[in-house]
Amino acid sequence: MFLGLGLEALQIYWWVVLSLLGGLLVFMFFVQGGQTLMDALSDNELEKSMLINSLGRKWELGFTTLVLFGGAAFAAFPLFYSTSFGGAYWAWLAILLCFILQAVSYEYRKKEGNLYGAKTFEIFLKINGFLGVFLIGVAVSSFFSGSHFTLNAQNFVQWQHPLRGLELLLNPFNYLLGLALVFLSRILATAYFMNNINDEGIKARCVQKLKTNSLLFLPFFLGFLAWIFFKEGFLMQGDGSIVLQGGVYWDNFISNPIFAGILLVGVLAVLLGMVQGAKGCPRAIWTLGLGAVLAVFGLLLSVGLGGSAFYPSLSDLQSSLTIKNASSSYYTLSVMAWVSLLVPFVLAYIFYVWRTMDRVKLTKEEIANDDHAY
């Protein structure tokens, strides 16, 4: 038993944890965003190496967060894990390939005897930055648009589309969140570089790119919000059955002011961070990061804890997943909840290591004299 909580409370607890991890993952996308900007923000090879090494010291944290998110989903909501990862496997294999390319690139870009040349691995980093983030945005958008699967009485998954998850790309509305995340990752990256690198030339270019990507981000993000607020949603009725009804996701926020407040504070923090970044403030990354975490946190909370299915089925409405029918047993949720109490200590350690690495800002001299640079 975990602090005397019942099954329903544990289901809520684990969805909160999963939503928070989702927000942290989006913040860590500044690494992917920086990979897409390495050429635009550098005038020579030394400056490019500065940018890549700045990201190289943090990329593993983002990969770890992604794995932690997947692990938490598997432990707490195994039916969701098996349905999405087991059914839409071409989509998730494409995402996994993008992140494998990232890991290989940081390891081999400057390795002695590299047969493919540094440019090849820089292309891999851009693929991870653009395509990896975009596909994750499209996958998360399916929480609102739905997927093609059915479940039988034994909860065996049958995916009803031959593209196995890639059919999400056939719905143009899914592109809204995918593109919004790409531009947000680039905004976060420019703010991160301004905070992490001591170079006036790079800083000036970061300010310009931050302004441009802010203007590109807003239409896609606001378009995504407008779409989910006014589209038909997958309403969960009192008996657990699912029906289509208009304005479901809007009602999720209206009926739960906490979710609306978290989302609103997050959006306002992102806007404030954009203003700070446009003025060259090195602390903009923390305002933007907090805003990104809260905005994603609020969105995921609303779709899981509101009155809707969090993983809806277009093929069979009653196969749609909610936190009630997709969760692990009480025993598993309870045991894993005790384990989750270690997470704050892990986060504190990551914060300490981050502060230690960033105590002295990255300079050209450091990279030029580093024999172990990425």
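Up top you'll find the structure we're talking about.
Conventions we followed
Residues numbered from 1 in each chain as written. Predicted model: local features only at pLDDT ≥ 70, side-chain atom pairs only at ≥ 80, totals over all residues. Heavy atoms only, no water. Helix = DSSP H or I, 4+ residues; strand = E, 2+ residues; numbered from the N terminus. Rg over C-alpha atoms; globule rule 2.2 N^0.38 Å. Buried < 20%, exposed > 50% of the residue type's maximum accessible area, 1.4 Å probe, protein only. Contact = heavy atoms within 4.5 Å. Arc of directions from axis to C-beta. Axes fitted to C-alpha atoms, helices over the stretch in contact; angles between N-to-C directions. Left-handed = near helix turned anticlockwise from the far one by under 90°. Nonpolar A, V, L, I, M, F, W, Y, C, P; charged D, E, K, R; others polar. Salt bridge = Lys/Arg side-chain N within 4 Å of Asp/Glu carboxyl O. Phe/Tyr/Trp six-rings, centres within 6.5 Å; stacked < 30°, edge-to-face > 60°. Lys NZ or Arg CZ within 6 Å of the ring centre and 35° of its normal. Pairing = 2+ DSSP bridges.

Novice: Can you lay out the overall build of the protein chain for me, pointing to particular residues and giving the numbers?
Specialist: Looking only at helices and strands, the protein chain has 15 helices and 4 strands in total. The C-alpha atoms of the protein chain give a radius of gyration of 21 Å, which matches the 21 Å a tight globule of 374 residues would have. In terms of overall dimensions, the protein chain has a C-alpha envelope of 65 × 45 × 45 Å along the principal axes. Taking all 374 residues of the protein chain together, the buried fraction comes to 51%. If you take every contact in the protein chain between residues at least 6 apart in sequence, the share linking residues at least 24 apart comes to 78%.

Novice: Can you lay out helix α5 (residues 78-87) for me, pointing to particular residues and giving the numbers?
Specialist: Listed in full, the buried residues belonging to α5 are Leu79, Phe80, Thr83, Ser84 and Gly87. Projected onto a plane normal to the axis of α5, the buried residues spread over an arc of 115° and lie on a single side.

Novice: Any chance you could break down the packing of helix α1 (residues 7-28) against helix α12 (residues 284-305) for me, citing the residues and the numbers?
Specialist: Between two packed helices, the angle of one axis relative to the other and the distance separating the axes together describe the packing. Between α1 and α12, the shortest axis-to-axis distance is 8 Å and the interhelical angle comes to 145°. For the element pair α1 and α12, the recorded crossing hand is right-handed. Within the contact between the two elements, α1 uses Ile12, Trp15, Val16, Ser19, Leu20, Gly22, Gly23, Leu24, Val26 and Phe27 and α12 uses Ile285, Trp286, Gly289, Ala292, Val293, Val296, Phe297, Leu300, Leu301, Val303, Gly304 and Leu305. For the contact of α1 with α12, a count of residues per class yields 17 nonpolar, 5 polar and no charged.

Novice: Give me the lowdown on the pattern of salt bridges, citing residues and values where you can.
Specialist: Scanning the model with the defined rule gives 12 salt bridges in all. Put simply, Glu45 and Arg109 hold a salt bridge, and the shortest N to O gap is 3.1 Å. Remark: Arg109 occurs in the loop between α6 (89-108) and α7 (118-145) and Glu45 occurs in helix α3 (residues 45-56); sequence separation between them is 64 residues. Judged by relative accessible area, which is 37%, Glu45 ranks as partly exposed.

Novice: Break down the packing of aromatic side chains for me, with residues and values.
Specialist: Counted by the stated rule, this structure contains 38 aromatic pairs. Each ring, one from Tyr13 and one from Trp14, has its centre 5.8 Å from the other, and the planes form 85°; the classification is edge-to-face. Assessed through its relative accessible area of 5%, Trp14 is described here as buried. Consider the rings of Phe217 and Phe221, whose centres lie 5.4 Å apart with planes at 15°: the pair is stacked. One end of the pair is Phe217 and the other is Phe221, both in helix α9 (residues 200-230) and 4 residues apart, which spans about a single turn. Here Phe221 falls in the buried class, since its relative accessible area comes to 9%. Through a chain of ring-to-ring contacts, the aromatic side chains of Trp15, Phe77, Phe80, Phe143, Phe149, Trp159, Phe310 and Tyr311 assemble into a single cluster. Above the ring of Trp354, the side-chain terminus of Lys58 is found at 4.8 Å from the ring centroid.

Novice: Any details on the pairing of strand β4 (residues 242-246)? Residues and values, ideally.
Specialist: Where strand β3 (residues 232-236) and β4 come together, 5 bridges link them in antiparallel fashion. Directly across from Phe234, in β4, lies its bridge partner Leu244. Here β3 folds back onto β4 in antiparallel fashion, the turn holding 5 residues, of which Gly240 has a positive phi close to 90°.

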